[in-house]
Amino acid sequence: MTVIEKTSDPTRVHSPRYGSVAWGLPVFFIGALLTTGQMYTPIPLFTTLQERWDAGPAAMAWILSAFAFGYAVGMLLSGPGANRYGFRTLSSVGMVVAGVVTLLIGFAPSYASVLVLRIIQGLVVGTFSPSVMTYIGRAFPPRHRPLGTSTVTTGFFATVVLSQMASQYLVHHWGPLSVWIVSAAGFFALALALRAVMVPDDPQPGASLWKSVAELSQVFRHARLIPLFALVAFAMAAGVAVFAGIEATGAVTDPGELLTLRSVALPFLVAVPFIVLALKRFSLASQMVGSLAVGAAALAVIGLTDPDPLVIGLAVAVYIACTGISTPAVLQTAMRIAPEFGASASSALMFSNYVGATLGPILVTALYGFGLSGIAWVLVGLVALAIAFAAWHLTTSRAEAAPA
């Protein structure tokens, strides 16, 4: 399933090899749904798990944070690991281990063991995203790289809704254990598919993992990147917290209403790539600030109204769509600011994104007593901070561009 570019130079040993877009892209999209979806699949299980372990809503939120923490660290470290061992090897082995750990979660005997396993699950699942996104940038023909990147990014956002819908369906028809069994089977199948569609690795035996990790410290100290790290962290924290808050506060409990709430976001997510194309005439900074401002307004609607499932669903859908617009703008901005760091800057942004995902459920544990409306107003404040960081970035950029 690979295409080898021919060369007339007989002394050239390694010809560049392009992977199949037709085979690779569906696998990468489904992989994006499955891997990032593990963040959200436990949400429909909250009630069942609370009864099983006699735990409160705060304990359930930590199940999300444990995965998000492991996922953030896994994403941060997988870039250097892929350079050393190869993208296909790292991602496929990671998915096999993820399948085993996910199966163990389903049979975990205690709440504490689930937390540990969720951290490990996040670590190994985190090998997928940086490996695949960098692979697209290297092994897809140049004309297909924008399509590959946008398709996988859409999968990351679409799974916020689709993973919860799938989990809710499985819980209702087959019981809570089926969520973990089906997810584990998905990881095993994904590992085989990645081995089949990705070109053979060309690892760098002499590459130093420590040197690559050390480079990350420079990325995190880059003055113009710091506000972008904060921006994505606060925006992601609000996105995860609003879903966790809906479940933890019991604002919507009827299964049919919950399904409506989750499914209403799908048309908005489908529209995101087209909206991004339409906004290309605006600067990246304008896209960041504008989309986040609309997202903050959507969360304010939740704070102002009664917990009507349709209204909540529409407001959440608008917010998720807005983050789907702002996040690619942030990534493109980072690549323009610090091209010398390449994949390290991208890994650092992904790490910051899921640090925010870790903090979102923790916020809910502290605030769920105030109800969904109170949580929503705090999240509006978080997004306002994200907008402030976007403005800081814009001010810093203008100051550096000004003539001395």
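Because the structure is a prediction, the values reported are computed rather than measured.

A. Spatial organisation of the overall build of the protein chain. Looking only at helices and strands, the protein chain features 16 helices and two strands. Of all 404 residues assigned to the protein chain, the portion counted as buried reaches 53%. Sequence separation of 24 or more characterises 83% of the internal contacts of the protein chain that already satisfy a separation of 6 or more. Surface summary for the protein chain: the accessible area is close to 17,200 Å², and the carbon and sulfur share equals 69%.

B. Examining the packing of aromatic side chains more closely. Counted by the stated rule, this structure contains 10 aromatic pairs. Plain terms: the ring middles of F234 and F389 are 5.8 Å apart, the flat faces sit at 15° to each other, and that makes the pair stacked. Of this pair, F234 sits in helix α10 (residues 226–249) while F389 is found in helix α16 (residues 371–401), placing the two residues 155 residues apart along the sequence. Residue class for F234 comes out partly exposed when judged on its relative accessible area of 25%. Summarising the aromatic geometry, the rings of F389 and W392 are spaced 5.8 Å apart at their centres and angled 40° between planes, so their arrangement reads as tilted.

C. Structural view of the packing of α10 against helix α13 (residues 284–304). One can describe the packing of α10 onto α13 by two numbers: an axis separation of 12 Å at closest approach and a directional angle of 25°. Of the possible angle classes, the one that applies to α10 and α13 is roughly parallel. Considering how the two elements wind past one another, α10 and α13 form a crossing that is left-handed. Each of L228, L231, A235, A238 and V242 in α10 lies in contact with α13, whose residues at this interface are M288, L292, L299 and I302.

D. Up close: the packing of α10 against helix α14 (residues 309–337). Viewed as axis vectors pointing N to C, α10 and α14 meet at an angle of 160°, and their least axial separation amounts to 10 Å. Taken as axis vectors, α10 and α14 run roughly antiparallel relative to one another. Relative to α14, α10 is oriented so that their crossing is left-handed. The residues of α14 that touch α10, namely those facing L228, L231, V232, A235, A238, G239, V242, F243 and I246, are I312, V316, Y319, I320, T323, V330, T333, A334 and I337.

Conventions we followed
- Residues numbered from 1 in each chain as written.
- Predicted model: local features only at pLDDT ≥ 70, side-chain atom pairs only at ≥ 80, totals over all residues.
- Heavy atoms only, no water.
- Helix = DSSP H or I, 4+ residues; strand = E, 2+ residues; numbered from the N terminus.
- Buried < 20%, exposed > 50% of the residue type's maximum accessible area, 1.4 Å probe, protein only.
- Contact = heavy atoms within 4.5 Å.
- Areas by Shrake-Rupley, 256 points an atom, 1.4 Å probe, with all protein chains shown as cover.
- Phe/Tyr/Trp six-rings, centres within 6.5 Å; stacked < 30°, edge-to-face > 60°.
- Axes fitted to C-alpha atoms, helices over the stretch in contact; angles between N-to-C directions.
- Parallel < 35°, antiparallel > 145°, perpendicular 65-115°, else oblique.
- Left-handed = near helix turned anticlockwise from the far one by under 90°.

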